Structures are given as structure tokens and as C-alpha cells.
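# Examination of the molecular architecture
Here is how the chains run, residue by residue.
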Amino acid sequence: MIPPARHASDNLSRAVGMAVPTVSQLRVHPPVDSLQAGSYALSDSVFSASPTRSPSSRIGIDGEFSEDSANWIKRDNSGRLTAAVPTGVPDLTQSIEASNNENNGEVVGGPPQKNSKLLKAKTTKAERRALQEAQRAAKASAKAPEQTSKPEKQANQKKYVSQLASSSVVHEKKGGDKPLEKDRKKDMPPPRMQFDNKSWVEKAKKRSVVKQTEARNRVEIFRHLPQYERGNQLSDLGSSFFQMGDMHPAVYKVGLQFLAGDIMWSNTRCISMLQAFQKVIEDYSTPPERTTLARDLTAKINASVSFLNECRPLSISMGNAIRFLKARITKLTLAQTESEAKTSLCSDIDNYIQAKIVLADKQIVIHAVTKICDGDVILTYGSSSLIEMIILRAHELRRQFRVVIVDSRPNLEGQQLLRKLVEKGLSCTYTHINAVSYVMHEATKIFLGAASVLSNGTVYSTVGTACIAMVAHAYHVPVLVCCESYKFHERVQLDSICSNELGDPDVIAKVPGRTNNCLDDWASKENLQLLNLAYDVTPADYVSTIVTEYGMIPPTSVPVIVREFGREHVLI
Amino acid sequence: MWWRSASFILDRNDNLLQDDSVPKPESRLLSPPASYMAETVHNPNPINKISAYYQTRAAHHGVVTSDWLAQAQAAVGRDQPSDSDTSLKSSASVKPFSVIEEFNNWRKQPDLAEAVAAVRALASVIRSSEANTIAELQSELKAASDSLKSWDTTSISLTAGCDLFMRYITRTSAFEYEDFNSAKSRFLERAEKFGEISYKARKIIAMLGQDFIFNGCTILVHGFSRVVLEILKTAAESRKVFRVLCTEGRPDRTGLRFANELAKLDVPVKLLIDSAVAYSMDEVDMVFVGADGVVESGGIINMMGTYQIALVAKTMDKPVYVAAESYKFARLYPLDQKDMVPAVRPIDFGVPIPSKVEVETSARDYTPPQYLTLLFTDLGVLTPSVVSDELIQLYL
């Protein structure tokens, strides 16, 4: 019943860094044992109602509680001690969710009940104990006069919640970290912010540079993603240029370009962002106070990144590039002078762009062109610079083939590709995505671009790609996805909802060439919500092969590439 | 092309209207597309149509028809004069030695794997080389390897064996502390070891594979794979009671030879014609096949008919086990059946066929990874997705 030491030190040292003697201190406590006995029943009570309705066996223990949050840490740590496998306690976390989160307490109450019933059979004593500690903590915090600590705890919970790509309530519990984390991380923007948490959104607003007003009719299922009014941001941002302060004008310029939609493709965005950072580094000088170049520069980069994120959410390729840059910065030694460090960083960025993007593209073209034969009918979707290069190269090599370009509203990107191909003399067919099952029987191969490929082989790409891949699979047409390896990511995503980007809904309402659009006043209709998604997710089963600069690999081998050629081996 | 687009008639008309430099659709259909090869390599093999690899396999099986033999004789007769053209270009003097001849000599031995024969041929190149520096030797070897590969483009294990050996050479030739002669001897040693490894590989695979054979099981076998034979031998020697169904394996009649071998082991064997596979599939417990090559997707390239059997087995939920040595892993990625270098074999129907009738003469097909259950290799028992992992580690 008393937890074995290895879990204790493991959890403690990881979570809070507190001394191990705390454990022994707790073990002496008499009520510990009685908690065990009652714990199973307690898990029922959590899900049914608010935590205040606790069985009588707990009241005595609560009396011992001080409202001191420090004690709460200890309590919660003891809860963590018994959580032998912290990851395996989804119902526990749901309980915290349910008890603490005033916003969607009711919404959460539903599914966790079902889950709890399924999982109850599997919870060990340790997990139940942890559950119970959390409830007690929740109750204590609910009763605590310091209401201000709660939103912070919520925020920190949410921060950890958000680190997993999931908008559902299942997440890892790291309860003991919350109060300390709150102090450290209060000022940092959460990496994957969930926009359905009001307090977080307010905090983010205070920090933000770009003034965004939230959109009117927000789609419920996408509440966790940012949806903002378009139209005013650009002029606002433009006028507040001189109040920018620390922001480097190059970053500002790039941010404006993102916001305006001038730079759209993930490669271009990544390159322009890296070049802006190069300018930041060149113009940078370490301030005379105690900070080192590495730390200060990292802070500057972080600020720029959060600004760019507000202008337009970062793509995965940009995230990887930023991680590379930060890793390089941390590797700078104190022995280098400032100018040496700056030149080495700038040349590193140049090398990265050259090796990972420009040369990788050339290599991918070489590999992919071997798959285009005479008599082929190549189908492609939207406009990808890489696919364009491949097709033009195959045409240069005098292969006889024709191209079918499938396009979709509202961006109609395929028209650019069509124009470029027709100029070079290729025979092309152009159609919209609603006709894809009609033309699919003609196609011999599908070439698609990607914004990223995730660890389970899932392809994260422009919305509509999944549809094309699915129809191709049904017609047994091979699908080749061409993607540079720097866009690979270790994360796994199962659907298109938990992480995506929402575009401007007005663009959907207006059909070009029509004078009277019936959706002109869609905002006034309460029951109507318009959804403009930017990305979608194609499962690995629909993809035949992924063409990278390392050759053609099956979708199951993406984690191998990430492992072998990951961030550590970044330099060429 | 014929079936893909309703507009193929229009395409054809358009093409007819174009100038003569554009190949006509009819001719496009009949001649194998040259664009499959990434670079246009001069193919010194005078008989483009017949795959030397499959010829050799048939020779090993010992079941040949008379007119096929005549063709083979003609082939051998024509080979020799052209060999001198393909001799190594590294030194000014015309060498009497030819790597291809060497390779053919090795290959004639029935128990030797193709890749081993290739490596032994390359070893003999090293032995007879007059180079003085490692770089020179490397370039000689590269030329030899290229000529071997181009001589028979259809053999995957040949290509894979050459690539593996070349990879070893390039990876380890950068040792500065080593002088030339010791490097040379190291390469030769490695080539010898390769032969041993290959022989041992079969033993390892046999040991791993025979674990999957339980008493009273029925095994379906297709094609004549020495590795699969080794597995069955080992199982029989460990006193397991099982029976084997062999497909006939037209046109090579591999099934007959295999049944012969199994009869010698006192294993109950039943011969099926190729069309009877689905009929007998419900009494089968597992399917064993070998592989000519294992490709990057995890699929296999094997004798014609393997894909069919794998499809039937998958539908009826029977496991398909592939026995292949690790040197057969190749960096190919076929997207469909026609995406490989075509390997054709003449088929003898026993009666004359009118010339207007086309015959599908391809000797092999590609089985995608979703129809395979497990691969038995000398690296262990692997799932198809691990093949790419191994290849990446090996080649990148």
C-alpha cells in the first residue's frame, strides 16, 4: 500500500525537484491508509457531481488540510507517488478537468463517466489513490480564498494538456507540477494553445501584438482553434509599426506578408522566416547586462516567433526550423566572440536552407522523375512547387505524359500550376474536386505535395488531399507524396480536427463572378456557421510511397528517417 | 494505356498526325519502355528479350524443353564474342579477363546464390587488377559492377549483391592508416566471407522458419526456392509431421523439381496445377515462398504466380511467409506490376501459336506488402515494414 521508493523519487525529482524526505514525512501520516480504503468509492463521486459532495470518510482528512498551496503540493505529490504509471490515468485527469474547469464542466462530465466505467476495472490502487488526492486538492482549492491561484493552476494544467495534440479531455496528468510551473511559465505563450479556455485566451490577448477580434459565428467543434475576424488586422498592424519597440523590422515585414497572404506556401514561408531571423541575428548585439548571447538571442527569437504565430499560425516546417535554430544557438560556446557567433549562426541558417530545402528538392525531383513513364496520366491536386518541378523535369526528359490538375475553392491554387504547365507545352486537364471520382479512372499515378508527414505515416496537407487519396485508393491508383525530410514530425495525429488552421469564412461565402451571393449576410444568421479549413489529414493506408531526398520510403518508415536523420544530425 | 482513358482513340489520332519522331502508340505498347532505366546503359546482352536470370534458374532446375535448350545454346554461342567488348576499360591494354565470363562461371554452379556469384566475380576483378591505389581499384570495381548490372538488368539479387559489395568498399576505403595491399586483401577476405555468410544465412533462416511449422500442418509452396527447401528439410529432420502442396509452376515446372526433392525427404507431397490453388486453399495452413528480391516497400518480387497465391491466401486468412536472405533487399519501389524492369521468358505451350496472338511472357510479379505476413531473413523474423528500416540503415 505504501508506494515503493522508486516511483517516489522518480516522480518527485522529475516533477518538482523536491527532496525525497518529503516522502517519508508523508508516509508517517496516519490518514494515508484510510484513504486507500475509501478511494474506490471516491472515484464514483467525482464524475457524478462537483467535488464538494465527498463521502464522510474524507472530511476528517480535509480538516487537516491547510489552505496553504505548499501543503497542497505535498499532498498532490503523495498522490503522484502512488501513480505508478502517470500516463495511464486518464480518468484522474478528467476528474481534475471536471472539478476545476468551470467553463465546460458539464460538457466534460459526460464522456469521462463512460470512460471511467470502462477504465475502472483497470485502475490500480496507486491510481485510485492519485485520483483521490487530486479530488482532495480540487476541493481544497475550491474552498481556498485565493481564487487567483485557480486560474493559474488551470492555465498550467491546460498548458500541459495542450502539449498533446488533442482537444478531447484525455491527457497526461502532471498535477504536482502545476504551482511551480505557473511561476516559470506564466510569461511564455503556451506552445499549443487551446482557444476554448477563456482565461488563456484573455492572457494571450494581453501578450499579443496583433489585435485580433474573435470571429462571430464560431464553429463549435473547432473552438479550440483560433478564429479571428479578418480585414482589420492588416491596417491595425501597419499603423502600429512605430510602436513595435523590440520587434525587428524584417520580422515585422514578414509577419505582415503572412497576414496579408502574400507568402503562402510552407517552403516559402519557412525560407522567408529564416531569412528574417538572419537579419535579426546580424543586427543583434548583446546587451551589456549579465545575460549571455545565447539566452538573450533565444528570448528575442521567441518574441519574434510569437509575433509571427499571431499573424498566421506556424506551419510544422517552420516549427522544425525554429527548433533547429534554437538548438544551434544553445550550442554556441562562450569562447566564441559575438561576431564569430553571429556569422556562424547566419551561415548555419544558410546551410540549412540550402541542404534541407533547395538541394533536397533537387534530389526529390531526381527520384520522383524515375516513376513517370511514357503514357502516364499524372493527377495532381492544388499547386505545389515541388510537384511543378517534378513535372517540368519529366517534360524536359521528353517523357510523353499528360497531367490532370484537380482544384478546389476557395483558393483555386491549381490555376497557377495550370498556367505554368500550359506555357511549357504540356497537355493538361483541369477540373474541380467534385469531379475527382469521374476523372480518377483515367489517372495512372497521383502526385501530391504535403505540409508535413507525421510519425505514423499520416500526411498533413492542404484540405482536399485526403479526398483525392481516398478516391485514388478506391480505384487502385498509386499515390506518391513528395515531401522534404525537414517537414517530418514525431507527433501523431488521428484526425483533422484536433490540430488545424481556420481560414477566413467570408471567402467561402463569396463566389467570384456572381453578383448576388445568397450568403452575403451569413453572419446575421445564428444557425449558420461557415468553416474554412486549411489542412487535412490523410491516413497512411492511402499513401503508396513518400518520396524524400533519401529516396522512396514506405509511410511506415517515417519515424526511421526522423530517428536516423533527426535534429541532432542536422548538419550536413 | 489502352484501358485508362476513353480518349485514347483521340490520343492515337493526335499522335498519327504528329511527325514521325514521335513513336506510334502501337509500337509503344509492344516495345518495353526504355524510360524505366534511370540512365540509358548500353546493354551488352545481345538477347534483350530473354532474362538471363530466369534462364539460369531454369537450368538449375534441370527441367528444360528442347527448343528452349536450343535458344539457350544460341545465346551462349553469341555471348562470347560480345564479352570482349564489355571488358574493363580501366587500363589501356585489352584484358583477356572479363568479369561477365567470370560471373557466368560462378553462376553455373547450382547451389550458389546469384549475389554470391556476383561478389566472387568482383573479387576476381580485385585479384587480377593492376591498380596501385585504392581510388583506381574502386573505379575499376565500379565499372565492373556496372557492366555486370547492365548485363542482366532483371536480376535483383545480382544488383543487390554488387551494391552491397561496392558499399562495403566505399565505406571502408577511407582508412588512412592502411596501405594498398592490406586493403586489397581485406576486400578479398570480405568477398570470401560474403559467400560464407550467404551459406550460413540459409541455415539461420531454416532454423527460424521451421519453428513456424507445427505437427500436422499443410504447407503450400510456390516456386523453387533453395531457402524454402532448406526450411522444410530442417523441419523434416526435426521429426515434424507435415505435408506439402506444390504448385506446378509453369512454365518452369518448378513444382515438379520441388516435389522430387521433397519425396527424397519422405515428406508427403501433392502436386497442384496453378489454377487449383484457390480450390485447395482451405486445407492449407500456411504458404511458404522464396523471393528473388525484397523491395523497399516490404513487398517481394518472385516467380509469376506468387501475387495470385498471396491474394487468395489473404482472402482466406492464411499466413504467407517469405524466406529471403538479407542481401536480397533492394532499393526498388515498384508501384504496380508493370513498374519493374520487364523480365521475359519464352513459354512453350506445346503447340504452335499463331503469330497474331500475343503471349504474356513476364517471368515475375510483385506482391505488395499488405499480403505478406512475415519475412524470414538472416536478420531475424521481420514484418514487411522493417525492410525499409534495414535498407535505410544499410544504404544511408
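Heads up: the structure comes first, above all this text.
Residues numbered from 1 in each chain as written. Chains lettered and ligands numbered in written order. Predicted model: local features only at pLDDT ≥ 70, side-chain atom pairs only at ≥ 80, totals over all residues. Heavy atoms only, no water.

Helix and strand counts for chain B come out as 14 helices and 10 strands. Expressed as a percentage of the 396 residues in chain B, the buried residues total 52%. Counting only carbon and sulfur atoms, one obtains 56% of the accessible surface of chain B, whose full area is about 18,900 Å². (Helix = DSSP H or I, 4+ residues; strand = E, 2+ residues; numbered from the N terminus. Buried < 20%, exposed > 50% of the residue type's maximum accessible area, 1.4 Å probe, protein only. Areas by Shrake-Rupley, 256 points an atom, 1.4 Å probe, with all protein chains shown as cover.)

Turning our attention to the packing of aromatic side chains. In the structure shown here, the tally under the stated rule is 13 aromatic pairs over all chains. Considering the side-chain rings of F194(B) and Y327(B), the 5.7 Å spacing of their centres and the 45° angle between planes classify their relative orientation as tilted. Of this pair, F194(B) sits in helix α9 (residues 180–210) while Y327(B) sits in the loop between β7 (320–323) and β8 (364–367), and the two are 133 residues apart along the sequence. One exposure class covers both F194(B) and Y327(B), and it is buried. Its guanidinium or amino end placed over the ring of F258(A), R269(A) lies 5.2 Å from that ring's centre, counting from NZ or CZ. (Phe/Tyr/Trp six-rings, centres within 6.5 Å; stacked < 30°, edge-to-face > 60°. Lys NZ or Arg CZ within 6 Å of the ring centre and 35° of its normal.)

All names here are of chain B. In terms of strand pairing, strand β2 (residues 242–247) meets strand β3 (residues 269–272) through four bridges, oriented parallel. Pairing of C246 across the sheet is with L271, part of β3. Where the polypeptide runs from β2 across helix α11 (residues 254–264) and back to β3, its parallel neighbour, the crossover connection is right-handed. (Pairing = 2+ DSSP bridges. Right-handed = clockwise from strand over helix to strand, strands pointing away.)

Following the criterion strictly, the structure yields 24 salt bridges over all chains and no others. Of the charged contacts in the structure, one is a salt bridge between K142(B) and D146(B), with a shortest N-O distance of 3.4 Å. Separated by four residues within a single helix, K142(B) and D146(B) lie in helix α7 (residues 134–151), roughly one turn from each other. Under the relative-accessibility criterion, D146(B) is labelled partly exposed at 34%. One salt-bridge network, in which partners are shared between bridges, spans R129(A), E133(A) and R136(A). (Salt bridge = Lys/Arg side-chain N within 4 Å of Asp/Glu carboxyl O.)

Turning our attention to the nonpolar core. In this structure, L220(B), M281(B) and V287(B) are the most contacted members of the largest nonpolar core, which totals 62 residues. By residue number, the principal contributor to this core is helix α6 (residues 114–127) of chain B, which donates 10 residues. Sequence-distant contacts of M281(B), that is, excluding residues within four places in its chain, are made with L220(B), V287(B), I309(B), V312(B), A313(B), M316(B) and K318(B). With 38 residues, the next largest nonpolar core counts L274(A), Y284(A), F324(A) and L332(A) among its residues. (Core = buried A, V, L, I, M, F, W, Y, C linked by side-chain atoms within 4.5 Å. Contact = heavy atoms within 4.5 Å.)

So, on to unusual backbone geometry. In the segment running from R409(A) into P410(A), the intervening peptide bond is cis, with an omega of -5°. Within the element layout of this structure, P410(A) appears in the loop between β2 (401–407) and α19 (414–423). Backbone torsion omega between R250(B) and P251(B) reads -5°, so that peptide bond is classified as cis. Tracing the backbone through its elements, the reader meets P251(B) in the loop between β2 and α11. Phi is positive for R398(A), close to 65°, though the residue is something other than glycine. One can find R398(A) in the loop between α18 (385–396) and β2.

Let us now look at a nonpolar patch on the surface. A cluster of nonpolar side chains, contributed by F349(B), V351(B), I353(B), V357(B) and V359(B), occupies part of the molecular surface with about 400 Å² of accessible area. In this structure, V357(B) sits in the loop between β7 and β8. (Patch = residues over 30% accessible without salt bridge, like charges linked within 9 Å, V, L, I, M, F, W, Y side chains within 5 Å.)

Another aspect to go through is the sheet that holds strand β4 (residues 445–449) of chain A. All names here are of chain A. Spatial strand order, β3-β2-β1-β4-β7-β9-β10: seven strands in an open sheet with mixed pairing. Whereas interior strands pair on both sides, the edge strands pair on one side only; in this sheet they are β3 (428–432) and β10 (551–553). With strand direction ignored, the average angle separating the axes of adjacent strands in the sheet is 25°. Across five bridges, the pairing between β2 and β3 is parallel. Each bridged residue has a counterpart across the sheet, and for D407 the counterpart in β3 is H432. Of the strands in this sheet, β1 (376–381), β2 and β3 are in contact with α19, which crosses β2 at around 160°. (Axes fitted to C-alpha atoms, helices over the stretch in contact; angles between N-to-C directions.)

Here we take up the packing of α6(B) against α9(B). Residue and element names in this part refer to chain B. Two numbers describe how α6 lies on α9: the axes approach to 9 Å, and their chain directions differ by 165°. If you check the angle between α6 and α9, you find them roughly antiparallel. In this structure, α6 crosses over α9, and the sense of that crossing is left-handed. Contacts from A115, V116, V119, R120, A123, I126 and R127 in α6 reach K184, F187, L188, A191, E192, F194, G195 and S198 in α9. Of the residues belonging to the contact of α6 with α9, the class tally is nine nonpolar, two polar and four charged. (Parallel < 35°, antiparallel > 145°, perpendicular 65-115°, else oblique. Left-handed = near helix turned anticlockwise from the far one by under 90°. Nonpolar A, V, L, I, M, F, W, Y, C, P; charged D, E, K, R; others polar.)

With that out of the way, let us pick up the packing of helix α10 (residues 226–237) of chain B against α11(B). Residues and elements named next belong to chain B. In the contact formed by α10 and α11, the axes pass within 11 Å of each other and the chain directions differ by 20°. Accordingly, the angle class assigned to the pair α10 and α11 is roughly parallel. The element α10 and its partner α11 pack so that their crossing is right-handed. Across the interface between the two elements, V228, L229 and L232 from α10 touch F258, E261 and L262 from α11. A per-class count over the contact of α10 with α11 returns five nonpolar, no polar and one charged.

Further remarks concern α7(B). Taking 1.5 Å per residue as the helical rise, α7(B) with its 18 residues ought to reach 26 Å, and the 25 Å between its terminal C-alpha atoms agrees with that figure. Taken as a whole, α7(B) has its buried residues at I134(B), L137(B), E140(B), L141(B), A144(B), S145(B), S147(B), L148(B), K149(B), S150(B) and W151(B). (Expected span 1.5 Å × (residues − 1).)

Another point: the sheet that holds strand β6 (residues 300–303) of chain B. Residue and element names in this part refer to chain B. Strands sit in the order β5-β6-β8 across an open sheet of three strands; the sheet is antiparallel. Among the strands making up the open sheet, the edge pair consists of β5 (293–294) and β8. Strand direction decides the pairing type here: β6 and β8, joined by four bridges, are antiparallel. Bridge pairing in β8 places M303 opposite R364.

Attention now moves to the interface of chain B and chain A. Contacts between the two partners involve 22 residues from chain B and, on the opposite side, 29 residues from chain A. Across the chain B to chain A interface the summed buried area is about 2,100 Å²; carbon plus sulfur atoms make up 57%. For the interface between chain B and chain A, the tally reads two salt bridges. Connecting chain B to chain A are six residue pairs in polar contact (both at pLDDT 80 or more). Per element, the largest residue contribution to the side of chain B that touches chain A is four residues, and it comes from helix α14 (residues 386–395) of chain B. Class assignment of the residues belonging to the side of chain B that touches chain A gives a composition of eight nonpolar, seven polar and seven charged. (Buried area = accessible area lost by both parts, 1.4 Å probe. Polar contact = N/O pair within 3.5 Å; in protein donor to acceptor, adjacent residues only side chain to side chain.)

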